[in-house]
Amino acid sequence: MARRHEVHLVTYATLPRDARGLAVFGEDCVSVTPVRWRETKGTPVFYLELLRNLLQDAPVIVSRFTTTVMRGAIRRVMRDAAVDLVYCDFLTLAPNLPARDGVPRVVTAHNVESLLWQRYVAHERNPLKARYFDLQYRKVLRFERSAPAGFDEIVCVSEDDAERLRGLCPAPAYSVVPLARAAPPGAPARAVAGAGAGDGRGGRRRRLCTRAHERLDQGYRSSPSTRTPRGVINTERGTTWRSTAGVAVTATGHTTRGAGGRSHFVSVGTEIPISCA
């Protein structure tokens, strides 16, 4: 992705643990903006967050990752870099994004979170926990019925997830980039590689961390268009980049390379993967 676009990464990070991971991303990104993250799970603070969430409309999996610091960091990068597309790595990070301003937005939905919470309710035997989980389930369900509408494209990891989310919020376009593919008969297990696959050794670490992003970028090609088929986002800003994965980026051509433009691309993520540290 960074070979074709100028990527600005804004991510939660725990320092110094994630310092090496940030350095790895820094090799490919134009800028990396870490937002300090202090994990509270396993501490009394976490249980205070759970109690505080009883008075909040957003589910706890959203409220924990919505901060004024992250909002400010994203706003500054979008202002200074004049980005062409915003990519959000989790739907639960969506409330950190500023109001819509005409810049296309893409998000990856790694799960149908309401389905997970529904299962928690079904399998929890502690009545108090089950009641809390049910409250969270209903909050997550409301969130998934509205949050996808703030994006131009929702990238799901399976056809089932795409169908479920489309049933909750049919407004945006949905596409699927599978996490893995079935092995052909007789193929060795190591020959099967999906997004995020890799052995993590030596020089493969960076590919392990960026494979999912590269999968989103596969098939990009310059394609000015006035049509609106699936996978194409038309704007008035310049060339439309069209992807077989159903994701589009618009290049304004502030920095040219060859015959096409080189997009400014801001990616909003959660914590740096431990496998990169």
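In case you missed it, the structure is sitting above this.
The text that follows walks through the structure, step by step, so that each part is easy to find. Every chain is numbered on its own, with residues counted from 1 as its sequence reads. Selection of residues for local features in this predicted model requires a pLDDT of at least 70, selection of side-chain atom pairs for listing and counting requires 80 or more, and totals for whole chains, interfaces and linings are taken over all residues. Note: side-chain values were computed over all heavy atoms of the structure, leaving out hydrogens and water.

Look at helix H5 (residues 113-123) against helix H6 (residues 127-146): their axes get within 8 Å of each other, and the N-to-C directions meet at 165°. In terms of orientation, H5 and H6 fall into the roughly antiparallel class. Between H5 and H6 the crossing geometry is left-handed. When H5 is examined against H6, the residues Glu113, Ser114, Trp117, Gln118, Tyr120 and Val121 are found in contact with a partner set consisting of Ala130, Phe133, Asp134, Gln136, Tyr137, Val140, Leu141 and Glu144. Axes, fitted as lines to C-alpha atoms, cover a helix only where it is in contact. Angles between the N-to-C directions of the axes lie from 0 to 180 degrees. Labels follow the DSSP assignment, with helices taken as runs of H or I lasting at least four residues and strands as runs of E lasting at least two, numbered in each case from the N terminus. Each angle is binned into one of four classes, with values under 35 degrees roughly parallel, values over 145 roughly antiparallel, values of 65 to 115 roughly perpendicular, and all other values oblique. Less than a right angle of anticlockwise turn of the near helix away from the far helix marks a crossing as left-handed, whereas a clockwise turn marks it as right-handed. It only takes one pair of heavy atoms within 4.5 Å for two residues to be counted as in contact.

This brings us to the pattern of salt bridges. Each salt bridge in this description consists of a side-chain nitrogen of Lys or Arg and a carboxyl oxygen of Asp or Glu lying within 4 Å of one another. Applying the stated rule across the entire model yields 7 salt bridges. Where Asp80 meets Arg79, a salt bridge forms, and the shortest distance between an N and an O atom there is 2.9 Å. Between Asp152 and Arg100 there is a salt bridge, and its shortest N-O distance comes to 3.0 Å. Here Arg100 lies in the loop between strand S3 (85-88) and strand S4 (105-109) and Asp152 lies in the loop between H6 and strand S5 (153-156), a separation of 52 residues in the sequence. Salt bridges sharing common partners tie together Glu39, Glu49 and Arg64.

Moving on, we get to the environment of Leu141. Residue position: Leu141 is located in helix H6. Distance from Leu141 to Leu115, taken between C-alpha atoms, is 8.6 Å for residues 26 residues apart in sequence. Those residues in contact with Leu141 that lie beyond four places of it in its chain are Ser114 and Leu168.

When its volume is computed, the largest pocket comes out at roughly 780 Å³. Here a cavity denotes a set of grid points, spaced 1 Å apart and computed over the protein atoms alone, in which a 1.4 Å probe fits but from which it cannot get out, and a pocket denotes an open set meeting protein on both sides within 12 Å along at least five of seven lines; residues with an atom within 4 Å of a point are reported as lining. Lining of the largest pocket is provided by 32 residues; of these, Lys41, Val60, Ile61, Arg64 and Trp117 occupy positions nearest its centre. Looking at the lining of the largest pocket, the elements that each hand over two or more residues are helix H2 (44-52), helix H3 (60-63), H5 and H6. At 7 residues, H6 tops the list of elements feeding residues into the lining of the largest pocket. Grid points are joined across faces, edges and corners, and a volume is the space filled by probe spheres set on the points.

For the rest of this paragraph, the subject is the side chain of Asp18. For Asp18, the location among the structural elements is in the loop between strand S1 (5-13) and helix H1 (19-26). Within the structure, Asp18 has its side chain in polar contact with the backbone nitrogen of Thr14 (distance 2.7 Å). Counting of polar contacts relies on pairs of N or O atoms within 3.5 Å, with two restrictions inside protein: one atom must be capable of donating a hydrogen and the other of accepting it, and residues adjacent in sequence are counted only when both atoms are side-chain atoms.

The subject of this paragraph is the pairing of S3. Relative accessibility under 20% of the residue-type maximum defines a buried residue, over 50% an exposed one, and the middle range a partly exposed one, all with a 1.4 Å probe and only protein chains included. Where burial is concerned, the two faces of S3 agree: the one with Leu85 and Tyr87 and the one with Val86 and Cys88 are both buried. Note: two strands are recorded as paired if DSSP finds a minimum of 2 bridges between them. Strand direction decides the pairing type here: S3 and S4, joined by 3 bridges, are parallel. Residue pairing in the sheet places Cys88 in a bridge with Val107 of S4.

The geometry of an aromatic ring pair is captured by the separation of the ring centres together with the interplanar angle, meaning the angle of the planes. Classification of ring pairs uses Phe, Tyr and Trp, with its six-membered ring standing for Trp, and accepts pairs whose centres are within 6.5 Å; under 30 degrees between planes counts as stacked, over 60 as edge-to-face, and the remaining range as tilted. Counted by the stated rule, this structure contains 7 aromatic pairs. Ring plane angle 75° and centroid distance 5.6 Å describe the contact between Phe46 and Tyr47, whose orientation is recorded as edge-to-face. For Phe46, a relative accessible area of 15% translates into the label buried. Aromatic rings pair up to connect Tyr12, Trp37 and Phe65 into one cluster. The ring of Phe65 has Arg64 lying over it, and the distance from NZ or CZ to the ring centre is 5.6 Å. Two thresholds decide whether a charge sits over a ring: the Lys NZ or Arg CZ must be within 6 Å of the ring centre and within 35 degrees of the ring normal.

Remember, this is a structural readout, not a statement about activity or role.
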